[in-house]
Amino acid sequence: MQERFDRSAGILMPVSSLPSPYGIGTFGKSAYDFVDNLAKARQKFWQVLPLGPTSYGDSPYASFSAFAGNPYFIDLDILIEEELLDKDYVESFMWNMEDRYVDYGLLYKSRFKVLRTAFQNSRHQDSKEYQEFLKEQAYWLEEYCLYSACKNKFDGTSWTEWEKEAKFRKPEMLDELKEELSEDIEFYKFVQFKFFEQWNKLKTYANEKQIEIIGDIPIYVAMDSADVWQHTDLFQLDEELNPKKVAGVPPDAFSDSGQRWGNPLYDWKKIEAEDFLWWRKRMEHSAKLYDVIRIDHFIGMVKYYAIPAESEDARTGQWEIGPGMKLITVINESIGSKKIIAEDLGVKMQEVTEVLEKSGYPGMKVLEFAFDGDRKNEHLPYNWIPNMAAYGGTHDNDTLVGYFTGLQPWELGYIREYMECRNGSVEDLVDRIFCTAYAGVADLVIFQMQDVLKIGNIGRMNLPSSMGTNWRWRMSEGQFGEKEIERLRYLCDIYGR
């Protein structure tokens, strides 16, 4: 059984939201400054969103790979210091239209051009570090880089739309593609080498400052991913490699039609027949990347909602049995001393509760879900238990300021009474929320950076089921300043975190 967390606190801050001169947050100076500020503020954890390469829609939860890293996070100033790039050349590109938002269109057009220039200037192939990297990442690297090179060849289309021989991975065709695309494949290996090199240095620095990294992994992978293309036998696909059933969640109080996510579902019988090898490798890999792993949609490991692929929404889906404790055992064997947080939000199931009790994994409670008027609401602080992670809100929610601003008077009235903040401003109410969470019994408390800064929904990271304006918010240089640091340090001191 997993040991409990010490009484502590942390900040949820996507890498993409860090300041940088190149359009998106990176593993450069601002990341190190952020770690320094977390240490000053007596925070023990930095939670990041998934670090994988993003596809159409820019969601880190719909990645081209469960193993690879996002090329956008490679810091260009570090490459300049390594003399792989010229500063004037890098600054000749337009990286963003305004500092507070990521412009993914500009990044897509420019970033890979710059990284290819660095690749052409590099002499990494003969280095000991690069050879060790190739060995360490052998399980996934070659196939991911072939997949990425093929996407270039086939105009960025999904692997399901490639030439039949490539789609079905005919050996002769794969050999031809590897030969034809050899330079492109080497480029993508270089990109991953630099990603992991920079990330590992940053993580080491954070750990030296007594900051642990919480990494977020989605339970499902994207259909258009190297994982599904390489391991079609591990997913519920038909003879034409189209999904038979897809992932989602059933209708609820928020949606009459439910949510149809569209991810292919695992074939758990085949995965178990292989002794969960893919999952073992994924969790071993995640345990090297992070100190703590938050598993998104943990419920799906116990029972998963299966929607016929031809259905337009989630109303025709059915619950099916997942691997449960068999997979939990595999995860524990794979991660060693690292810890798990189970994102168990959504439909409440006794089976999930039992698995959490057996595993010792802490579940989650979210304060923005607490104040619906039901005095038995499990998210209300007086219903919390110690072995859990308490959040103000997640990346899918309003910021606290945005949340309070959008409430009806009766809803806000209950919160003000609960927080004993009857006449204060919205910002005062945010302060009371922080105090309530930090004072509570939950072992771990996590707030979004946007809530530390008390900004409105201009800082919201994601509005589910929408496209075009998500995953964009960025913090300004110096915005996380002494006032915010001192406040967090004070809360940790007063409430013993």
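**Student:** Would you explain empty space enclosed by the protein in this entry?
**Tutor:** Unfilled space is identified by rolling a water-sized probe across the atoms. If you walk through the whole model with that rule in mind, you get 3 cavities of 30 Å³ or more. In this structure, the largest cavity encloses a volume near 220 Å³. Lining the largest cavity are 25 residues; nearest its centre among them are Pro-50, Gly-52, Ser-65, Ala-66 and Pro-218. Elements represented by at least two residues in the lining of the largest cavity include exactly α9 (182-208), β3 (212-218) and α12 (277-289). The dominant element in the lining of the largest cavity, judged by the number of residues it contributes, is α12, at 4 residues.

**Student:** Please explain unusual backbone geometry as it appears in this structure.
**Tutor:** Backbone geometry follows two general trends: most residues other than glycine have a negative phi, and most peptide bonds adopt the trans configuration. Positive phi is not limited to glycine here, since Gln-210 has a value of about 65°. Here Gln-210 shows up in the loop between α9 and β3. By relative accessible area, Gln-210 is classed as exposed at 54%. Backbone geometry at Glu-420 places phi at a positive 50°, although glycine is not the residue there. Checked against the element boundaries, Glu-420 lands in the loop between α16 (409-419) and α17 (426-439).

**Student:** Hey, could you run me through the environment of Gly-262 in this one?
**Tutor:** Position of Gly-262 among the secondary structure elements: in strand β5 (residues 259-264). Assessed through its relative accessible area of 22%, Gly-262 is described here as partly exposed. C-alpha of Gly-262 to C-alpha of Tyr-220: the two residues are 42 residues apart in sequence and 9.9 Å apart in space.

**Student:** Where do I start with α16 in this structure?
**Tutor:** Given 3.6 residues to a turn, an α-helix orients residues that are three or four positions apart in the same direction. Listed in full, the buried residues belonging to α16 are Leu-412, Tyr-414, Ile-415, Arg-416 and Met-419. Considering only its buried residues, α16 is in contact with α15 (400-405) and α17.

**Student:** Would you take a moment to explain the sheet that holds strand β4 (residues 245-249) for this structure?
**Tutor:** In any sheet, the strands associate via hydrogen bonds between backbone groups, in a parallel or an antiparallel arrangement. Here 4 strands make up an open sheet; going across it, the order is β5-β4-β7-β8 and the pairing antiparallel. Every other strand in the sheet has two partners, leaving β5 and β8 (318-321) as the edge strands with one partner each. The mean inter-strand angle of the sheet, taken between neighbouring strand axes irrespective of direction, is 50°.

**Student:** What am I meant to see in the pattern of salt bridges here?
**Tutor:** In a structure, side chains of opposite charge can pair up when their charged atoms sit close to one another. All told, the structure shown has 31 salt bridges when counted by the stated rule. Residue Asp-443 pairs with Arg-4 through a salt bridge whose shortest N-O separation is 2.8 Å. Taken together, the residues Asp-443 in the loop between α17 and β12 (444-448) and Arg-4 in the segment before β1 (8-12) connect sequence positions 439 residues apart. Exposure remark for Asp-443: the relative accessible area of 6% places this residue in the buried category. Arg-294 is paired through a salt bridge with Asp-296; the nearest N and O atoms lie 2.7 Å apart.

**Student:** What exactly am I supposed to notice about the pairing of strand β7 (residues 303-308) here?
**Tutor:** Every other side chain in a regular strand lies on the same face of the sheet, so the side chains alternate between the two faces. Within β7, 5 of the 6 residues are buried, leaving the element largely enclosed by the surrounding structure. Taken together, the 3 bridges between β4 and β7 define a ladder with antiparallel strand orientation. By the bridge assignment, Lys-245 is partnered in β7 with Pro-308. Bridge analysis of β7 against β8 gives 4 bridges, and the strand direction is antiparallel. Across the sheet, Lys-303 pairs through a bridge with Ile-321, a residue of β8.

**Student:** Explanation requested: the packing of α9 against α12 in the structure shown.
**Tutor:** When two helices pack together, their arrangement is captured by the angle between the axes and the distance separating the axes. Between α9 and α12, whose axes approach to 10 Å, the crossing angle comes to 55°. As far as their axial angle goes, α12 and α9 are oblique. Residues Phe-196, Trp-199 and Lys-203 of α9 form the contact with α12, whose own contacting residues are His-285, Lys-288 and Leu-289. Per-class residue counts for the contact of α9 with α12 are 3 nonpolar, 1 polar and 2 charged.

Conventions we followed
Residues numbered from 1 in each chain as written. Predicted model: local features only at pLDDT ≥ 70, side-chain atom pairs only at ≥ 80, totals over all residues. Heavy atoms only, no water. 1 Å grid on protein atoms, 1.4 Å probe; cavity = no way out; pocket = protein on both sides within 12 Å on 5 of 7 lines; lining within 4 Å. Points joined across faces, edges and corners; volume = space filled by probe spheres on them. Helix = DSSP H or I, 4+ residues; strand = E, 2+ residues; numbered from the N terminus. Buried < 20%, exposed > 50% of the residue type's maximum accessible area, 1.4 Å probe, protein only. Contact = heavy atoms within 4.5 Å. Pairing = 2+ DSSP bridges. Axes fitted to C-alpha atoms, helices over the stretch in contact; angles between N-to-C directions. Salt bridge = Lys/Arg side-chain N within 4 Å of Asp/Glu carboxyl O. Parallel < 35°, antiparallel > 145°, perpendicular 65-115°, else oblique. Nonpolar A, V, L, I, M, F, W, Y, C, P; charged D, E, K, R; others polar.

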